[in-house]
Amino acid sequence: MRFIKRIVVGNDNPQNMRTEAEVQQSMDMVNKCLAGTPRGYLLNIEKSFGLYNIGEHQIVLQYAVYHVGFDRKPMWLDDHA
């Protein structure tokens, strides 16, 4: 592997909550990496959750981080930050 793309799917920061559209966009990126050309390989999945107290409210955030490896960096990946 010469290039590894790290993609976070879900909410990992209680100060910066992601919308459903942003989470879906991240999942679409994972699918494109695994099905597009050049094809990426799923190296690892980190699953995590956090329990946060914000004022009187208790919030549970969960997310997954996908590590996708490529033989070379795809040119289309430059279009997505």
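Before reading on, note that the structure itself is shown above.
Residues numbered from 1 in each chain as written. Predicted model: local features only at pLDDT ≥ 70, side-chain atom pairs only at ≥ 80, totals over all residues. Heavy atoms only, no water.

A. Examining the sheet that holds strand β2 (residues 41-54) more closely. The strand order β1-β3-β2 describes an open sheet built from 3 strands, whose pairing is antiparallel. In this open sheet, the two edge strands, each paired with only one partner strand, are β1 (3-10) and β2. Averaged over all adjacent pairs, the angle separating strand axes in this sheet is 20 degrees, with direction ignored. Direction of pairing for β2 relative to strand β3 (residues 57-70): antiparallel, over a ladder of 13 bridges. (Pairing = 2+ DSSP bridges. Helix = DSSP H or I, 4+ residues; strand = E, 2+ residues; numbered from the N terminus. Axes fitted to C-alpha atoms, helices over the stretch in contact; angles between N-to-C directions.)

B. Summary view of the environment of L43. Among the secondary structure elements, L43 is positioned in strand β2. If we skip the residues at most four places from it in the chain, L43 touches M1, I4, H67, V68 and G69. (Contact = heavy atoms within 4.5 Å.)

C. Fine view of the environment of D12. Counting through the fold element by element, D12 comes out in the loop between β1 and α1 (20-35). The residues touching D12, leaving out its near neighbours within four places in the chain, are R18, Y52 and Y63.

D. Representation of the nonpolar core. Grouped together as the largest cluster of nonpolar side chains are 13 residues, with contacts concentrated most on I7, V9, M29 and C33. Among the elements of the structure, β1, α1 and β3 are those that each provide at least two residues to this core. If sequence neighbours within four positions are ignored, C33 has contacts with I7, P38, R39, G40, V68, F70 and W76. (Core = buried A, V, L, I, M, F, W, Y, C linked by side-chain atoms within 4.5 Å. Buried < 20%, exposed > 50% of the residue type's maximum accessible area, 1.4 Å probe, protein only.)

E. Geometry of the pattern of salt bridges. A complete count under the given rule lists 2 salt bridges for this structure. The partner of K73 in a salt bridge is D78, and the shortest N-O contact between them spans 3.0 Å. Residue classification places K73 among the partly exposed positions, given a relative accessible area of 41%. Here D78 falls in the exposed class, since its relative accessible area comes to 53%. (Salt bridge = Lys/Arg side-chain N within 4 Å of Asp/Glu carboxyl O.)

F. Layout of the pairing of β3. Bridging between β1 and β3 involves 8 bridges; their strand directions are antiparallel. Note on β3: the bridge partner recorded for R6 is H67.

G. Seen up close, the side chain of H67. With respect to the helices and strands, the residue H67 is situated in strand β3. Side-chain polar atoms of H67 contact the side chain of E46, separated by 2.6 Å. Other than its neighbours up to four places away in sequence, H67 contacts I4, K5, R6, Y41, L42, L43, N44 and E46. (Polar contact = N/O pair within 3.5 Å; in protein donor to acceptor, adjacent residues only side chain to side chain.)

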